[in-house]
Amino acid sequence: MDGSIVSEQAAAPTETDGASFEAFVAARGDALWRSAWLLTSDHQLAEDLVQTALAKSWRAWSRVGADSFEAYVRRVLFTTYVSWWRRKWRGERPTADLPETSTPTVDTDARNDLVAALATLPRGQKAVVVLRYFEDLTEQQTADVLGISTGTVKSQCSRALTSLRSSPHLQQEDGTDGGQP
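The sections below set out a description of the structure shown in this document. (Residues numbered from 1 in each chain as written. Predicted model: local features only at pLDDT ≥ 70, side-chain atom pairs only at ≥ 80, totals over all residues. Heavy atoms only, no water.)

1. Structural notes on the overall build of the chain
When you go through the chain residue by residue, the secondary structure sums to 9 helices and 0 strands. When the helices and strands of the chain are listed from N to C terminus, the series reads α-α-α-α-α-α-α-α-α. The burial tally for the chain puts 30% of its 181 residues in the buried class. Residue pairs at least 24 apart in sequence account for 64% of intrachain contacts in the chain once pairs closer than 6 positions are excluded. Accessible surface, the chain as shown: approximately 11900 Å² in total, 51% of it carbon and sulfur. (Helix = DSSP H or I, 4+ residues; strand = E, 2+ residues; numbered from the N terminus. Buried < 20%, exposed > 50% of the residue type's maximum accessible area, 1.4 Å probe, protein only. Contact = heavy atoms within 4.5 Å. Areas by Shrake-Rupley, 256 points an atom, 1.4 Å probe, with all protein chains shown as cover.)

2. Things to note about the packing of helix H7 (residues 123-134) against helix H8 (residues 139-146)
Between H7 and H8, the least distance of the axes is 10 Å, while the angle of their chain directions is 135 degrees. Compared by their axis directions, H7 and H8 come out oblique. Once H7 is placed against H8, the crossing between them reads as right-handed. Touching Ala-127, Val-128, Leu-131 and Arg-132 of H7 are Glu-139, Thr-142, Val-145 and Leu-146, all from H8. When its residues are assigned to classes, the contact of H7 with H8 shows 5 nonpolar, 1 polar and 2 charged. (Axes fitted to C-alpha atoms, helices over the stretch in contact; angles between N-to-C directions. Parallel < 35°, antiparallel > 145°, perpendicular 65-115°, else oblique. Left-handed = near helix turned anticlockwise from the far one by under 90°. Nonpolar A, V, L, I, M, F, W, Y, C, P; charged D, E, K, R; others polar.)

3. Overview of the pattern of salt bridges
Tallied over the full model, the rule gives 3 salt bridges. With its nearest N and O atoms 2.9 Å apart, the salt bridge here joins Glu-70 to Arg-28. In this pair, Glu-70 sits in helix H5 (residues 69-86) while Arg-28 sits in helix H2 (residues 15-40), placing the two residues 42 residues apart along the sequence. Of the residues examined, Arg-28 reaches a relative accessible area of 29% and is grouped as partly exposed. In this structure, the salt-bridge partner of Arg-74 is Glu-70, at a minimum N-O distance of 3.0 Å. Of this pair, Arg-74 and Glu-70 both sit in helix H5, 4 residues apart, which is roughly one turn of the helix. (Salt bridge = Lys/Arg side-chain N within 4 Å of Asp/Glu carboxyl O.)

4. Describing the nonpolar core
The biggest cluster of nonpolar side chains holds 37 residues, and the ones touching the most others in it are Phe-24, Leu-39, Leu-54, Leu-77 and Phe-78. Of all the elements in the fold, those that place two or more residues in this core are H2, helix H3 (43-57), H5, helix H6 (108-119), H7, H8 and helix H9 (150-165). Each residue touching Leu-77, except ones within four places of it in the same chain, is listed here: Leu-32, Ser-35, Ala-36, Leu-39, Leu-49, Val-50 and Ala-53. (Core = buried A, V, L, I, M, F, W, Y, C linked by side-chain atoms within 4.5 Å.)

5. Here's the deal with H8
Think of an α-helix as 3.6 residues a turn; residues three or four steps apart then line up on the same face. Taken together, the buried positions of H8 are Thr-142, Ala-143, Val-145 and Leu-146. Buried residues of H8 fall within an arc of 165 degrees about the axis and therefore sit on the same side. (Arc of directions from axis to C-beta.)

6. Here's the deal with the environment of Leu-137
Along the chain, the position of Leu-137 falls in the loop between H7 and H8. Contact partners of Leu-137, with chain neighbours within four places excluded, come to Leu-131, Arg-132, Thr-142 and Val-145.

7. A look at the packing of H6 against H7
Between H6 and H7, the least distance of the axes is 10 Å, while the angle of their chain directions is 140 degrees. Here H6 is positioned oblique relative to H7, judged by the angle of their axes. Only Lys-126, Val-129 and Phe-134 of H7 make contact with H6, whose side of the interface consists of Leu-114, Leu-118 and Ala-119.

8. Topic: H7
Look at H7: 15 Å from first C-alpha to last across 12 residues, which is about the 16 Å you get at 1.5 Å a residue. What H7 keeps buried is the set Gln-125, Lys-126, Ala-127, Val-128, Val-129, Val-130, Leu-131 and Arg-132. Just downstream of H7, Asp-136 is the residue with a positive phi angle, here 60 degrees. (Expected span 1.5 Å × (residues − 1).)

Here it is as structure tokens:
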């Protein structure tokens, strides 16, 4: 019985781990939120998803180590997203514009079109596209984060890009391909 208490205490994060974890969250929190927002297309859900992933990952900080912790958190983030997607949700849905507005970026129409096009993709394809092209991970890193094979990453990515190329959300109004020569 004494040995089990010691092992549980060794697995619990220490104060030093807490400071390191806080530094990790400060450094990588925005990037995690961006990934979550691209997956959920909702600011509040993205915040909830990141907070949930970080809360689930906290106890593993000392076990996983700082070097590979981001991959661990991303894996938790994507598996949590998938479990939320599978879960039937009967919560509130906003019906009007939010009272808070953000400062528009240079090209909000293009961003909104991209988010709408991403929303049409199946969850697996969306996760692969977000990791490969928005998080700039390699095929192997993407496969590791999602727990799938590299071949699956390639096929999901190919299908997603084909869908995005033909998406009406990403077509130019004049029917061109964006002014490419």
